[in-house]
Amino acid sequence: MTAGRWISTFLEAQAAELGSARNTLLAYGRDLNDFAGWLAHRKRDFAAANRADVEAYIVSCEAAGLSPATRARRLSAIRQLYRFAYDEGWRKDNPAIQISGPAKAQRLPKILTEAEVDRLLAAARVSGRNPVEEARNICLMELLYATGMRVSELVGLPVSAARGDPRMLLVKGKGGKERMVPLSSPAREALATWLAIRDKAEEVARLEFRTPPGKHLFPARGAAGHMTRQAFHGLLKDLAIAAGLPPVKVTPHVLRHAFATHLLAGGADLRAIQTMLGHADISTTEIYTHVLDERLKALVLTHHPLARTGDQSV
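Presented here is a report on the structure given in the accompanying data block. The structure presented is a predicted model; accordingly, all values stated were derived computationally and were not measured.

Secondary-structure assignment places His279 in the loop between α11 (270–277) and α12 (282–285). Owing to a relative accessible area of 15%, His279 belongs among the buried residues under this scheme. Of note is the side chain of His279, whose polar atom sits 2.8 Å from the side chain of Thr285. Setting aside its immediate chain neighbours within four residues, His279 contacts Arg256, Gln274, Thr284, Thr285 and Tyr288.

So, in C-alpha cells, the structure goes:
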C-alpha cells in the first residue's frame, strides 16, 4: 500500500469516526506527507519504519529549526497514524507509542481587560453599513464574549439553536461533542434582535421567490453557507481599530481567554469553566489560574508602597 493510500484512508477514518475538523485533517495530512517524504528519501516507508526511524525524523525536525509545538504535533500525527494501522491490522506494532515528545514551553494566553472588552462591544453597537449588519455584529460579539465559544462554533451555529429565547445555548464542539453554555441578558437581547431581523429577511426572500438564508444563524453566500472564520477575523480587526485597540491584540481566541479569565476572577468554579469551554482535560483550563497569578503579581509590583520604592521582593 502506498504512503498516499495510508494517509488518505487514515484521514477518511478521522473525519468519519471522530468528526475531526477540516483544519485538523489538513494539518495531519501535511505532517504525515512530510514524514512520508523523509522516509522515501531514505528508501523506507510506513510499513517498514521502526522506532529509530521515527526518532530520527523528530531529531531532523529539530535540526531544521521547527518549534517544540510543531514537533510535538508531528509526533502526535505519526502516533495516531500507527495506532490506526495497528487497529486495521496493517502493522503488528506502533513504533511511535513509546517516544516522548518535546516539552512545550508554557505560554500564558493573552487576554483583554474587562474595560477593553466593553470598548469592543461598544464599537460593535455602532458598526455596520446598515442596521442589519449592526445587529449581526452586536449579536456575534455578545455571543462570543458571553459563551467563550471557538470562532468555528460561533459562525457555524444553526438557527435552530436560537429559537425560543434560550437561556442556554447548545454548542457543537470538537469531535461533534455537544455542551450547554448559559447566555447573559445582553447576549439574549442581541440574539433576539438579530433573529427577528434574520427571520424577516427569510420571509421576504420566500415571498420574492429568492433563496432563503438557510439553516445557519449567521448565513452567507459562500460554499459553507455561513459566515467564514476569515470574515469574522476581519470584522474583529475593524472593531479593534474602532475601539482604539491594537488589531494584533484582538483575536477570537483572545476573547475566549478573556471570557474564561474574567469568570475565574469573578469567582466561577474551574470545573464549570472547563465545561463551558469544552475542554476535555481540566489541566487545559488550569492555565487561567496562572494568568490570574501573573495579573495579581503585576498589580502588587505596580501599586504596593514597597514595590514603588524599589523593593521587588514582594
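Residue position: Leu39 is located in helix α2 (residues 22–41). Once the C-alpha coordinates of Leu39 and Ala49 are considered, the two residues, ten residues apart in sequence, prove to be 7.8 Å apart.

Here strand β2 (residues 178–182) shows a buried face lined by Arg179 and Val181 and an unburied face lined by Glu178, Met180 and Pro182. When strand β1 (residues 168–172) meets β2, the two strands line up antiparallel, connected through five bridges. Opposite Lys172, over in β2, you have Glu178 as the bridge partner.

Between its first and last C-alpha atoms α2 spans 29 Å; for 20 residues at 1.5 Å apiece the expected length is 28 Å, and the two agree. Along α2, the positions that sit buried rather than exposed are Leu25, Ala27, Tyr28, Gly29, Asp31, Leu32, Phe35, Ala36, Trp38 and Leu39. Elements that come into contact with the buried residues of α2 comprise α1 (3–17), α3 (51–63) and α4 (68–88). Note on α2: the residue one or two positions beyond its end, Lys43, has a positive phi of about 60°.

Further remarks concern the nonpolar core. Counting 55 residues, the largest nonpolar core has Leu120, Met141, Leu143, Leu154, Leu217, Phe218 and Phe232 as its most contacted members. The greatest single-element share of this core, amounting to eight residues, is contributed by helix α6 (residues 131–147).

Before going further, it helps to examine the pattern of salt bridges. A side chain with one charge can pair with a side chain of the opposite charge if their charged atoms come near. Evaluation of the coordinates by the stated rule reveals 17 salt bridges. Here Arg51 makes a salt bridge to Glu55, at a shortest N to O gap of 3.1 Å. With Arg51 and Glu55 both in helix α3 and four residues apart, this pair spans about one turn of that helix. We classify Arg51 as partly exposed; its relative accessible area is 36%. On the basis of relative accessibility, which here comes to 32%, the residue Glu55 falls in the partly exposed class.

What counts and what doesn't
- Residues numbered from 1 in each chain as written.
- Predicted model: local features only at pLDDT ≥ 70, side-chain atom pairs only at ≥ 80, totals over all residues.
- Heavy atoms only, no water.
- Helix = DSSP H or I, 4+ residues; strand = E, 2+ residues; numbered from the N terminus.
- Buried < 20%, exposed > 50% of the residue type's maximum accessible area, 1.4 Å probe, protein only.
- Polar contact = N/O pair within 3.5 Å; in protein donor to acceptor, adjacent residues only side chain to side chain.
- Contact = heavy atoms within 4.5 Å.
- Pairing = 2+ DSSP bridges.
- Expected span 1.5 Å × (residues − 1).
- Core = buried A, V, L, I, M, F, W, Y, C linked by side-chain atoms within 4.5 Å.
- Salt bridge = Lys/Arg side-chain N within 4 Å of Asp/Glu carboxyl O.

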